[in-house]
Amino acid sequence: MIADVDNDAIVYLNGEYIRLADARISVLDRGFIFGDGIYDVVPAYAGRPFRMAEHLDRLERSLKSISINVDMERADWEALVTDMLHRSGLGDCMVYIQVTRGVAKRDHAFPKNVSPTVFCMVAPFDRPTATERDQGLSAVSLTDVRWLRCEIKSISLLGNVLAKQAAVDAGVDEVVQFRDGYLTEGASSNMWVARNGVLLAPPRDNLILEGIRYSLLEALCVQTDVPFEARAISREEVATADEIMMTSATREVLPITQFDGKPVGDGQPGTVYRKLRAAYDQRIKDLEQA
Ligand code: PMP
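This is a predicted model, so every value here is computed, not measured.

Below, the discussion takes up the nonpolar core. L199 and V238 are the most contacted members of the largest nonpolar core, which has 40 residues in total. For this core, the secondary-structure elements that each account for two or more residues are β7 (137-143), β8 (174-179), β10 (190-195), β11 (198-201), α6 (212-224), β13 (243-248), β14 (252-259) and α8 (271-289). Considering every element that reaches this core, the biggest residue donor is α8, with seven residues. Aside from chain neighbours lying at most four places away, what touches V238 is V176, F178, L183, V193, I233, I244 and F259. Core analysis: the second largest hydrophobic core is formed by 24 residues, I68, M72, W77 and V122 among them.

Below you can see the structure in the form of structure tokens.
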């Protein structure tokens, strides 16, 4: 029995649907041995996937970027997500998909004739609370010490794990990472800054994981008449920002109102956040009512 999870939940492993507590993989799986794999997380509301096409695009991109060939077409991935959602019977939840290079004799180079391990589970998630939305979160700055391929949604997450623990140890909700003095992202979120009514984001490059909410927020900016600019953002610009916010599949969009122990702007969620939040909520309502 595994603590704090639904041991009876049905998971998908290599073509089979089985109880979570019964799912087994080999100790020689390269995911376990090397962290040699990728993953994605599709959020769902009222049991309906949110931006599934974009998540599956990224999943396929991730697989390609590390040369894992899985015998699954786009329609198979879609069927897997919908099937898992249906079986779970959950409303607000996330579909976690992980693919590793497979099981082979331990050797760093890619093995020949290996079949990838494909795993999928669904777990409930709690949407951000009213307090989180209305009062905001706290964060501290952290030097980004991760590798230079952060654009790959790799299961090798040690850097992100250590970053998140740094937040926990500091008694805050998230870290804001900087590389060479410029903003990258959170431990498991993208970071955004508003200055003079303009929403700024670090460029889409190898130093950040481009969240599915990156393009979404860009679109919501157009919709709500908020000017948007993707460019390098200095530590100083973050420290003196009017607003800081973060996005992720499960945290949606949330304001950061305390940064390095000081209030951000007037310490309240700002106007850019409020506009984007309202537009984001509307997208979820539209999905729920579709
Ligand atoms: N950056 C990192 C490092 C992440 O782990 C996540 C969450 N998956 C994100 C950004 C945000 O991505 P998304 O909006 O697709 O959840």
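Structure shown, so let's carry the discussion forward.
So, on to unusual backbone geometry. What you tend to see is this: most non-glycine residues have negative phi, and most peptide bonds are trans. One non-glycine residue, A46, adopts positive backbone phi at about 50 degrees. Inspection of the secondary structure puts A46 in the loop between β3 (37-45) and β4 (48-49). The backbone of S67 sits at a positive phi, close to 55 degrees, despite the residue not being glycine. On the basis of relative accessibility, which here comes to 44%, the residue S67 falls in the partly exposed class.

For the rest of this paragraph, the subject is the packing of aromatic side chains. Applying the stated rule across the entire model yields nine aromatic pairs. Ring geometry for W192 and F228: centres 6.2 Å apart, planes at 55 degrees, overall tilted. Highlighted residues: W192 in strand β10 and F228 in strand β12 (residues 228-230), separated in sequence by 36 residues. By the ring-pair criterion, three or more aromatic residues cluster together here, those being Y45, F50, F125 and Y280. Sitting over the face of the ring of Y17, R87 holds its NZ or CZ atom 3.6 Å from the ring centroid. Its guanidinium or amino end placed over the ring of F178, R235 lies 4.5 Å from that ring's centre, counting from NZ or CZ.

Between helix α2 (residues 52-65) and helix α3 (residues 74-88), the least distance of the axes is 11 Å, while the angle of their chain directions is 125 degrees. By the angle between their axes, α2 is oblique relative to α3. For the pair α2 and α3, the crossing hand works out as right-handed. Counted together, M52, A53, L56, D57, L59, E60 and L63 of α2 and R74, W77, E78 and V81 of α3 form the full contact between these two elements.

Moving on, we get to the site of the ligand. Taken together, 15 residues lie around the ligand, and K153, E185, I212, R213 and A249 are the ones closest in. Between the ligand and R58 there is a distance of 2.9 Å, counted from an oxygen atom to a side-chain nitrogen or oxygen. Between a nitrogen atom of the ligand and a side-chain N or O atom of K153, the distance comes to 2.6 Å. With the chains in place, 93% of the 380 Å² that the ligand exposes on its own is no longer accessible. Counting residues per element, the ones that place at least two in the shell around the ligand are α6 and β13. Split into classes, the residues belonging to the shell around the ligand amount to four nonpolar, seven polar and four charged.

Within the element layout of this structure, S154 appears in the loop between β7 and α5 (158-169). At a separation of 2.8 Å, a polar atom in the side chain of S154 contacts the main-chain amide nitrogen of S156. Once residues lying within four places of it in the same chain are set aside, the contact partners of S154 are G35, G37, I38, Y39 and W147.

The terminal C-alpha atoms of α2, which comprises 14 residues, lie 20 Å apart, in line with the 20 Å expected from a rise of 1.5 Å per residue. Every buried residue belonging to α2 is among M52, H55, L56, R58, L59, S62 and L63, and all of these are buried. The arc that holds every buried residue of α2, seen down its axis, measures 155 degrees, which confines them to one face. Residues of α2 that are buried sit in contact with β3, β4, α3, β5 (93-100) and α6. Just past α2, the residue S67 takes up positive phi, approximately 55 degrees.

The six strands lie next to each other as β2-β1-β6-β5-β3-β4, forming an open sheet whose pairing is antiparallel. The open sheet has two edge strands with one neighbour each: β2 (16-19) and β4. Bridge count between strand β1 (residues 10-13) and strand β6 (residues 117-124): two bridges; the pairing is antiparallel. Residue pairing in the sheet places Y12 in a bridge with C120 of β6. Contacts from α3 reach β1, β2, β3, β4, β5 and β6, with the element oriented near 40 degrees to β6.

Calculation notes
Residues numbered from 1 in each chain as written. Predicted model: local features only at pLDDT ≥ 70, side-chain atom pairs only at ≥ 80, totals over all residues. Heavy atoms only, no water. Core = buried A, V, L, I, M, F, W, Y, C linked by side-chain atoms within 4.5 Å. Buried < 20%, exposed > 50% of the residue type's maximum accessible area, 1.4 Å probe, protein only. Helix = DSSP H or I, 4+ residues; strand = E, 2+ residues; numbered from the N terminus. Contact = heavy atoms within 4.5 Å. Phe/Tyr/Trp six-rings, centres within 6.5 Å; stacked < 30°, edge-to-face > 60°. Lys NZ or Arg CZ within 6 Å of the ring centre and 35° of its normal. Axes fitted to C-alpha atoms, helices over the stretch in contact; angles between N-to-C directions. Parallel < 35°, antiparallel > 145°, perpendicular 65-115°, else oblique. Left-handed = near helix turned anticlockwise from the far one by under 90°. Near = heavy atom within 4 Å. Polar contact = N/O pair within 3.5 Å; in protein donor to acceptor, adjacent residues only side chain to side chain. Areas by Shrake-Rupley, 256 points an atom, 1.4 Å probe, with all protein chains shown as cover. Nonpolar A, V, L, I, M, F, W, Y, C, P; charged D, E, K, R; others polar. Expected span 1.5 Å × (residues − 1). Arc of directions from axis to C-beta. Pairing = 2+ DSSP bridges.

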